[in-house]
Amino acid sequence: MLKLICMDLKDLKLTAKRQEICKRLGFNSSYDVLSYYPYKYDNYEIVRYKDFKIGETIMFEAELITSPSTFRYGKRSTTRFKVLYDDEQLLVTIFNRPWIRNLDINDKVVIIGKYDGNNKVTALNYYTKDVNELVGIVPTYSTSEGISQNEIKKLISLVYENCSEELVEHLPSEYIKAHNLIDYKTAIFNIHNPINSDLLRKSLARLKYEEFLNFYVALNILKGNTTNSIKNKKVFDQDKIDAFIDSLGFKLTTDQETCIKESLNDLASDKIMYRLIQGEVGSGKTVISEVMLYANYLAGYQGCLMAPTEILAKQHYESFVRDFACLGIKIGVLYSAMDNEKEVKRQIENGELDIIIGTHALFSNDVSYSNLGLVIADEQHRFGVKQRNALKNKGDNTDFCLMSATPIPRTLASSLYGDMDISTIETLPSGRKGCKTYLIKKNSIVDILDVVKDTLKQGRQIYIIAAAIEKSENYNAKDVTGLYNSLLNELSPYKVSLLHGKLSSQEKDLIMKDFNDNKIQVLISTTVVEVGVNVKNATMMIVYDADKFGLSQLHQLRGRIQRGNYEGVCFLLTNSKDESVIKRLEVLCNCNDGFKISLEDLKLRGPGDILGTRQSGLPTFILGNIFEDGKFIEAAKKDAKQICDNLDDEEANKYYNYMMENIKDKVIS
């Protein structure tokens, strides 16, 4: 996060109520508050009765001519009353505002709502203040239960009043002038208090441009720190690598061959490798990591593969041991609290292990490598930059490769991952079966129980996924424990078991082994099985509360049932009635292309959540939209390069150092 303004909120002496609001909305500094931008604006103007149009939002001031009557049902309520406006009687309905009954006949009330036709209005809100105080552009903020729009607006105003002197300009004047940008302080004020549409447009333009410029200057800094470093070229026997590939027993796809060629060229270069390999679920990235680690071994170096979960680390270890069985390579696995942890660490330090596979335990302070030459991080978006650096810095000018199964189109990846070289696998290995996905608008398997039992009768296995481990009052979702208890008898006589992150390593190992050996037919699990778990006989997945997951995560999950020779079937269950949620989940029913799905996820959730930029040390986009703001992106890209190439210029140098200060703890060294 940029240190544009960094006054600690404690210094503002906020009331207990406002402190609670800050805590719930995740505000830690004045910057957090002032960059909490509205998600929409409504331009309120008085609409005369003759101009009312069905379905449109209207605002008018009227006189109450009947007393409000309220009908209650549970915690909800409906209130109706009549008003007189422009000599017309209008019936107004408003929901969950029972206190409006305190108004009296002849009181003036301002109504903002939708016109339903036939002199009927559904009010969205009402006010008793003068209508002239409400006319204008009104911002609306994302909020949560118990926090009102008014409370957020008052908090932002308070912070602005106390911090306005700290809102100094950082952009070089050359670019402010070139793009006709307003100053930062004016932009911040008007984004929250828009005086008119033109000033709001200029404020948005200024802040969007700055977000993209910050991003691309940071990318240039990162790239300068990752690609300019010199290392010793790795020398290896290509014939031995070709022989290893031939021994695998299957033909590589063209994309896999290209990725291997690009990666080996990196290893053989005198520039440190910093490459992203992105590929669809099941596209065969693991074999590429094997080839890279083998080449690194032939060059005389240790290599390690970091996996996001213990389960996946052990699975990689088993496949590596199998594939390298005849080559005399010493392979080890390391994860927290394993029985022989100290012995493995000793072997790593003494150079007795050539390839080490593990979790975050690989970069613990007490792990020393004899001669680390290559680090590969699998499912890279699960690791923050500091974690990746801690492992990479265990060696001297270590080559580094990231792997991701959340792929995005290359042109977009080049913009967002500009500090890395990118390899992409788009084609799946031959023989891979697809997956049919169905949306069930009910958070229950009652409607598909016959299909479930029929799948089990055929000897197939099933994953059932829950969003929570235990039931919680604060998180409305089915939990694995509750599902296990409710489905145990329903799915008898088949063996049902549960798996989640709170189980011990030994328990998880035994459960996964039994599931792999078909001693367990139904595995009720959290997303611990999301990546890498490979049980070819599991062909069905049922996801409860599917609306709680992102599209890319759901696509990753259903990748578990596309490992064998049978077509997978995935059921997404949800109680949501939200049309946008249903539309989002239907994307998965109509598409099995990970690139398109992650692109949709990007549009819906933003690059920070999907690509891990929140963990990468790069500034994030709050206002900027990578799909709609092309003109800002192109201008910022060009200007960022110019700034970084002209550091003799005083203003450019000052801004560059300002950005360096903001990301200095996160730059990859």
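One can find the structure itself at the top, above this paragraph.
Just so it is clear, the structure is predicted and the values come from calculations on it, not from any experiment. (Residues numbered from 1 in each chain as written. Predicted model: local features only at pLDDT ≥ 70, side-chain atom pairs only at ≥ 80, totals over all residues. Heavy atoms only, no water.)

Asker: Would you mind going over the overall build of the protein chain in detail, with residue names and values included?
Answerer: The secondary structure content of the protein chain amounts to 22 helices and 21 strands. Residues counted as buried form 53% of the 669 residues belonging to the protein chain. Look at the contacts in the protein chain between residues 6 or more apart in sequence, and 74% of them connect residues 24 or more apart. (Helix = DSSP H or I, 4+ residues; strand = E, 2+ residues; numbered from the N terminus. Buried < 20%, exposed > 50% of the residue type's maximum accessible area, 1.4 Å probe, protein only. Contact = heavy atoms within 4.5 Å.)

Asker: Describe in detail the pairing of strand 10 (residues 302-306), supporting the description with residues and values.
Answerer: Within strand 10, five of the five residues are buried, which leaves it mostly tucked inside the rest of the structure. Residues Gln302, Cys304 and Met306 of strand 10 are buried on one face, and the alternating residues Gly303 and Leu305, pointing to the opposite face, are buried as well. In this sheet, strand 12 (residues 355-358) lies alongside strand 10 in parallel orientation, the contact comprising four bridges. Bridged to Cys304 within strand 12 is Ile356. (Pairing = 2+ DSSP bridges.)

Asker: Describe the sheet that holds strand 21 (residues 568-573), listing the residues and the values that go with them.
Answerer: An order of 16-21-20-17-19-18 is seen for the six strands of this open sheet, with the pairing classed as parallel. Every other strand in the sheet has two partners, leaving strand 16 (435-440) and strand 18 (496-499) as the edge strands with one partner each. This sheet shows a mean twist of 20 degrees between the axes of neighbouring strands, independent of strand direction. Taken together, the six bridges between strand 16 and strand 21 define a ladder with parallel strand orientation. The residue bridging Lys436 from the neighbouring strand is Val569, located in strand 21. Across the sheet, helix 17 (residues 551-558) touches strand 16, strand 17 (461-465), strand 20 (538-543) and strand 21, and the angle it forms with strand 20 is around 150 degrees. (Axes fitted to C-alpha atoms, helices over the stretch in contact; angles between N-to-C directions.)

Asker: Describe the sheet that holds strand 11 (residues 331-334), listing the residues and the values that go with them.
Answerer: Taken in spatial order, the seven strands line up as 11-12-10-13-14-9-15 in an open sheet, and their pairing is parallel. Among the strands making up the open sheet, the edge pair consists of strand 11 and strand 15 (421-425). Strand after strand, the sheet turns through a mean of 20 degrees between neighbouring axes, direction not considered. Relative to strand 14 (residues 399-404), strand 9 (residues 274-279) is paired through five bridges, and the arrangement is parallel. Bridge pairing in strand 14 places Tyr274 opposite Phe400. Against the sheet, helix 8 (residues 254-268) contacts strand 9, strand 13 (372-377), strand 14 and strand 15, and its axis sits at roughly 155 degrees relative to strand 15. In the packing of helix 9 (residues 285-298) onto the sheet, the strands contacted are strand 9, strand 10, strand 12, strand 13, strand 14 and strand 15, and the crossing angle to strand 13 comes to about 175 degrees.

Asker: Could you give an account of the pairing of strand 3 (residues 69-73), naming the residues involved and the relevant values?
Answerer: Here strand 3 runs beside strand 4 (residues 76-85); their pairing, made up of five bridges, is antiparallel. Of the residues in strand 4, the one forming a bridge with Phe71 is Thr78. Between strand 3 and the antiparallel strand that follows it, strand 4, lie two residues; Gly74 among them carries a positive phi value of about 65 degrees.

Asker: How would you summarise the packing of aromatic side chains if you had to cite specific residues and measurements?
Answerer: Enumeration according to the criterion identifies 19 aromatic pairs in this entry. Judged by centre distance (5.8 Å) and plane angle (45 degrees), the ring pair of Tyr294 and Phe324 falls under tilted. Taken together, the positions of Tyr294 in helix 9 and Phe324 in the loop between helix 10 (310-323) and strand 11 put the pair 30 residues apart, joining distant regions of the chain. Under the relative-accessibility criterion, Tyr294 is labelled buried at 5%. (Phe/Tyr/Trp six-rings, centres within 6.5 Å; stacked < 30°, edge-to-face > 60°.)

Asker: Describe unusual backbone geometry, listing the residues and the values that go with them.
Answerer: The step from Ser492 to Pro493 runs through a cis peptide bond, and the omega angle for that step is 15 degrees. In this structure, Pro493 sits in the loop between helix 15 (480-487) and strand 18. One non-glycine residue with positive phi stands out, namely Asn180, at about 55 degrees. On the secondary structure map, Asn180 appears in the loop between helix 4 (173-178) and helix 5 (184-192). A positive phi angle is found at Asp545, which is not glycine, with a value near 50 degrees. By the secondary structure assignment, Asp545 is in the loop between strand 20 and helix 17. The class for Asp545 is buried, based on a relative accessible area of 7%.

Asker: I'd like a rundown of the side chain of Thr574, residues and numbers included.
Answerer: Among the structural elements, Thr574 can be located in the loop between strand 21 and helix 18 (579-590). With a relative accessible area of 0%, Thr574 lands in the buried category.

Asker: Please set out a nonpolar patch on the surface residue by residue, giving values where relevant.
Answerer: A cluster of nonpolar side chains, namely Phe71, Tyr73 and Phe95, defines an oily patch on the protein surface of about 310 Å² accessible area. Structurally, Tyr73 can be placed in strand 3. Looking at Tyr73, the relative accessible area reads 35%, which means it is partly exposed. (Patch = residues over 30% accessible without salt bridge, like charges linked within 9 Å, V, L, I, M, F, W, Y side chains within 5 Å. Areas by Shrake-Rupley, 256 points an atom, 1.4 Å probe, with all protein chains shown as cover. Salt bridge = Lys/Arg side-chain N within 4 Å of Asp/Glu carboxyl O.)

Asker: Provide a residue-level description of the pattern of salt bridges, including the pertinent values.
Answerer: Taken as a whole and judged by the stated rule, the model has 26 salt bridges. Residues Arg322 and Asp323 are paired through a salt bridge, measuring 3.5 Å at the closest nitrogen-oxygen approach. Its salt-bridge partner being Lys345, residue Glu341 comes within 2.9 Å of it at the nearest N-O pair. Taken together, the positions of Glu341 and Lys345, both in helix 11 (residues 341-349) and four residues apart, correspond to about one turn of that helix.

Asker: Give me the lowdown on the packing of helix 9 against helix 10, citing residues and values where you can.
Answerer: With their axes 11 Å apart at the nearest point, helix 9 and helix 10 run at an angle of 60 degrees to one another. Taken together, the axes of helix 9 and helix 10 are oblique relative to one another. The hand of the helix 9/helix 10 crossing is right-handed. Counted together, Thr286, Ser289, Glu290 and Leu293 of helix 9 and His316, Ser319, Phe320 and Asp323 of helix 10 form the full contact between these two elements. The residue inventory of the contact of helix 9 with helix 10, partitioned by class, reads two nonpolar, four polar and two charged. (Parallel < 35°, antiparallel > 145°, perpendicular 65-115°, else oblique. Left-handed = near helix turned anticlockwise from the far one by under 90°. Nonpolar A, V, L, I, M, F, W, Y, C, P; charged D, E, K, R; others polar.)

Asker: How would you explain helix 14 (residues 449-457) if you had to name every residue and give the values?
Answerer: Of the positions making up helix 14, those classed as buried are Leu449, Val452, Thr455 and Leu456. Down the axis of helix 14, the sector holding all buried residues measures 125 degrees, keeping them to one side. Residues Asp450 and Lys457 are exposed on helix 14 and point more than 90 degrees away from its buried face. Turning to helix 14, the residues buried within the fold contact strand 17, strand 19 (522-525) and strand 20. Gly459 occupies a position one or two residues after helix 14 and carries a positive phi of about 90 degrees. (Arc of directions from axis to C-beta.)

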